[in-house]
Amino acid sequence: MPGQSRNHLIIGLGTLAFAILMLLVWIPLDTDTGLIEMVRRQVTIGDAAAPSLAALFLLAGGALLVTVERHAPHQMRIQRGTVIAAGALFAAAVIGLLLMRYSGPAAVWLTNTITGGALDYRLLRDTAPWKYTGFLLGGTAMVGAMIMVMERRVSLRALAVALLAVLAMIAIYDLPFDDLLLPPNGDV
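Notes on the structure in this doc start here. (Residues numbered from 1 in each chain as written. Predicted model: local features only at pLDDT ≥ 70, side-chain atom pairs only at ≥ 80, totals over all residues. Heavy atoms only, no water.)

A separate point is the nonpolar core. The biggest cluster of nonpolar side chains holds six residues, and these are Met100, Tyr132, Phe135, Val166, Ile170 and Leu182. Elements supplying a minimum of two residues to this core: α5 (130-151) and α6 (156-173). When near neighbours in sequence (up to four residues on either side) are disregarded, Ile170 contacts Tyr132, Phe135, Leu136, Leu175 and Leu182. (Core = buried A, V, L, I, M, F, W, Y, C linked by side-chain atoms within 4.5 Å. Buried < 20%, exposed > 50% of the residue type's maximum accessible area, 1.4 Å probe, protein only. Helix = DSSP H or I, 4+ residues; strand = E, 2+ residues; numbered from the N terminus. Contact = heavy atoms within 4.5 Å.)

Between α5 and α6, the least distance of the axes is 8 Å, while the angle of their chain directions is 140 degrees. In this view, α5 runs oblique relative to α6, as classed from their interaxial angle. Regarding α5 and α6, the two cross each other, and that crossing is right-handed. Contacts between α5 and α6 pair Tyr132, Phe135, Leu136, Gly139, Thr140, Val143, Gly144, Ile147, Met148 and Glu151 from the former with Arg157, Ala158, Leu159, Val161, Ala162, Leu163, Val166, Leu167, Met169 and Ile170 from the latter. Per-class residue counts for the contact of α5 with α6 are 15 nonpolar, three polar and two charged. (Axes fitted to C-alpha atoms, helices over the stretch in contact; angles between N-to-C directions. Parallel < 35°, antiparallel > 145°, perpendicular 65-115°, else oblique. Left-handed = near helix turned anticlockwise from the far one by under 90°. Nonpolar A, V, L, I, M, F, W, Y, C, P; charged D, E, K, R; others polar.)

Right, let's get into the pairing of strand β2 (residues 42-45). Bridging between strand β1 (residues 36-39) and β2 involves four bridges; their strand directions are antiparallel. Considered in β2, the bridge of Glu37 is made with Thr44. Here β1 folds back onto β2 in antiparallel fashion, the turn holding two residues, of which Arg40 has a positive phi close to 50 degrees. (Pairing = 2+ DSSP bridges.)

The linkage connecting Ala128 with the following residue, Pro129, adopts the cis geometry, with an omega of 0 degrees. By the element assignment, Pro129 lies in the loop between α4 (121-124) and α5. Its identity is not glycine, yet Arg41 carries a phi of approximately 60 degrees, on the positive side. Tracing the backbone through its elements, the reader meets Arg41 in the loop between β1 and β2. With a phi close to 60 degrees, Arg152 is a non-glycine residue in the positive phi region.

Here the distance between the centres and the angle between the planes together describe a pair of aromatic rings. Overall, the coordinates contain one aromatic pair when judged by the stated rule. For the pair Phe18 and Trp26, a centre-to-centre distance of 6.2 Å together with 65 degrees between the ring planes defines the contact as edge-to-face. The class for Phe18 is partly exposed, based on a relative accessible area of 38%. A relative accessible area of 47% places Trp26 in the partly exposed class. (Phe/Tyr/Trp six-rings, centres within 6.5 Å; stacked < 30°, edge-to-face > 60°.)

Along its 19 residues, helix α2 (residues 49-67) runs 27 Å from first to last C-alpha, staying within 8% of the 27 Å computed at 1.5 Å per residue. Residues of α2 that are buried include every one of Ala49, Ser52, Ala55, Gly62 and Val66, and no others. Buried residues of α2, seen end-on, are gathered within an arc of 145 degrees and therefore sit on one face of the element. Seen from the buried face of α2, the exposed residues on the opposite side, beyond 90 degrees, are Ala50 and Phe57. Elements that come into contact with the buried residues of α2 comprise α1 (7-30) and β2. (Expected span 1.5 Å × (residues − 1). Arc of directions from axis to C-beta.)

The following block contains the structure:
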């Protein structure tokens, strides 16, 4: 039909492409085990199971958009502001993850530079304050930036809310457990 929006088709094809990329490239390169593992005659869920399930849900959603919702009336138009906001949210996530990954080792390097010490982050990654550095800085930056993008303004309130949210996650996920490593410390 002339003038009909193709947004569902475009979003559906993009979602399908991302799901296929996840299943065929990202998950196999990022996980050490398969979907299901047999260890000492015990069947366990492998590292690839959860992300593969998420990719299958994306695949199903994309397929529904392409096949069923493709010709739906009253589709929202993708506008420039929406694309900019999505890009800003993506940038906030990337910057937050980079801060999360590298701020702990950077803090140890800075401490070594100032004190002349020979600390190793890998040995300190489960001791306070080092184990909280990346999660606290990266998580606060990510959540705070996402709040600011959604509110369309820079505010200290957003950073305070983000900081409190990350501190609450630390209290819930780290403090009760002796052997849990907050992200990204398990990979460093």
